[in-house]
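An overview of the molecular structure
This is what each chain is made of:
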Amino acid sequence: MEVAIRKNRLQLTVGDITKQKVNCIVNAANGTLYGGGGVDGAIHLAAGPKLLEACKLIRKEQLKGELLPTGEAVITEGYDLPAKFVIHTVGPIWDGKEVERKKQLLANCYRNSLALAKENEIRSIAFPSISTGAYRFPIEMAAEIALNEIIQFLKREPFGNVSMTLFSERDYEVYKQTLDKLIEKD
Ligand code: AR6
């Protein structure tokens, strides 16, 4: 599915984000930036060991040894990936508590990643469904937050292409139904 927003495009696709031929892919990382399972593991595997080295350097220098806070984003090169850059962001862990705060933190992931992409003159970016795997955020809620943030950004900024790369048909259907609803409301 694809919609035009001003001169920009928003796409929903099913696929493996590590294979996307875009300027930049987004990683649903954890605060350590040292890799993990899910999409994080797949991205580190496909990018090769230089990605971990770059992440370690960011922890040491940019973050002064601290964890990357939830909702924030940092950028590295993509090394062996088809994408030139990787933006690493940390989604909130869902536990059913402090729902409004968690929703805000997830929105921050998309907003900060898009702002960082724009700063780096990136014109095409692919996001995975942040927080809806190991971090258990309900996907219906996550889809609405993600698409809302992306749409608001594309309404404001001349950017290019934003894609949500979903890993299953089921996830794709949730995002598609949510996007249909959001467009209808407009
Ligand atoms: N391409 C696109 N999407 C993928 C891929 C892929 N190759 N692999 C998985 N997904 P998750 P989270 C989907 O768990 O919930 C890691 O260990 C997956 O089906 O990767 O933010 C980190 O280190 C799901 O829809 O990320 C953190 O510790 C979505 O990506 C923690 O997991 C996100 O699932 C982050 O958890």
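Computed from a predicted structure; not experimentally measured. (Residues numbered from 1 in each chain as written. Predicted model: local features only at pLDDT ≥ 70, side-chain atom pairs only at ≥ 80, totals over all residues. Heavy atoms only, no water.)

Focus: the nonpolar core
The cut-off we apply is this: We call a set of buried residues a nonpolar core when its members are Ala, Val, Leu, Ile, Met, Phe, Trp, Tyr or Cys and they connect through side-chain atoms within 4.5 Å of each other. Only protein chains enter the area calculation, which uses a 1.4 Å probe; residues under 20% of their type maximum are buried, those over 50% are exposed, and those in between are partly exposed. The numbering of helices and of strands both runs from the N terminus, where a helix is a DSSP run of H or I of at least 4 residues and a strand a run of E of at least 2. Whether two residues are in contact is decided by their heavy atoms, any of which lying within 4.5 Å being enough.
One finds Leu10, Tyr110, Ile125, Phe127, Met164 and Tyr175 to be the most contacted residues of the largest nonpolar core, which totals 41 residues. With ten residues, the top contributor of residues to this core is helix α4 (residues 139–156). In this view, Ile125 contacts Val22, Cys24, Val26, Ile87, Ser113, Leu114, Ala117, Phe159, Asn161, Val162 and Ser163; residues no more than four positions away in its chain are not counted. Core analysis: the second largest hydrophobic core is formed by 18 residues, Ile17, Leu51, Ile58 and Leu68 among them.

Here we look at helix α2 (residues 49–62)
Basically, it comes down to this: Expected helix span is taken as 1.5 Å per residue step, with the number of steps being one fewer than the number of residues. The directions from the helix axis to the C-beta atoms are what the arc is built from.
The terminal C-alpha atoms of α2, which comprises 14 residues, lie 20 Å apart, in line with the 20 Å expected from a rise of 1.5 Å per residue. All of the buried residues along α2 are Leu51, Ala54, Cys55, Ile58 and Arg59. Angular distribution of buried residues about the axis of α2 spans 140°; they occupy a single face of the element. Residues Pro49, Lys50, Glu53 and Lys60 are exposed on α2 and point more than 90 degrees away from its buried face. In this structure, the buried residues of α2 make contact with α1 (38–47), β4 (73–77) and β5 (85–90). Of the residues flanking the end of α2, it is Lys64, one or two places downstream, whose phi is positive at about 50°.

A short note on the pattern of salt bridges
Where we set the bar: Salt bridge, as used here: a side-chain nitrogen of Lys or Arg that lies within 4 Å of a carboxyl oxygen of Asp or Glu.
Going through the model one piece at a time under the given rule, you end up with ten salt bridges. Between Glu2 and Arg9 there is a salt bridge, with the nearest N and O atoms lying 3.1 Å from each other. Each of Glu140, Arg170 and Asp171 takes part in salt bridges that share partners, so that together they form one network.

Considering the site of the ligand
To keep things clear, this is the line we draw: If a single non-hydrogen atom of a residue is within 4 Å of a molecule or strand, that residue counts as near it. Pairing of N or O atoms within 3.5 Å defines a polar contact, subject to two protein rules: one partner must be a possible hydrogen donor and the other a possible acceptor, and residues neighboring in sequence count only if both atoms are side-chain atoms. Only the protein chains shown count as covering a residue, and every accessible area follows the Shrake-Rupley method with a 1.4 Å probe. Each residue gets one label: Ala, Val, Leu, Ile, Met, Phe, Trp, Tyr, Cys and Pro are nonpolar, Asp, Glu, Lys and Arg are charged, and the others, such as Gly, are polar.
Not every one of the 22 residues close to the ligand is listed here, only the nearest: Asn30, Gly37, Val39, Asp40 and Ala134. One nitrogen or oxygen atom from the main chain of Gly133 is found 2.8 Å from an oxygen atom belonging to the ligand. Starting from 710 Å² of accessible surface for the ligand in isolation, the protein chains cover 88%. If you list the elements that add at least two residues to the shell around the ligand, you get β3 (24–29) and α1. When the residues that make up the shell around the ligand are grouped by side-chain class, the tally is eight nonpolar, eleven polar and three charged.

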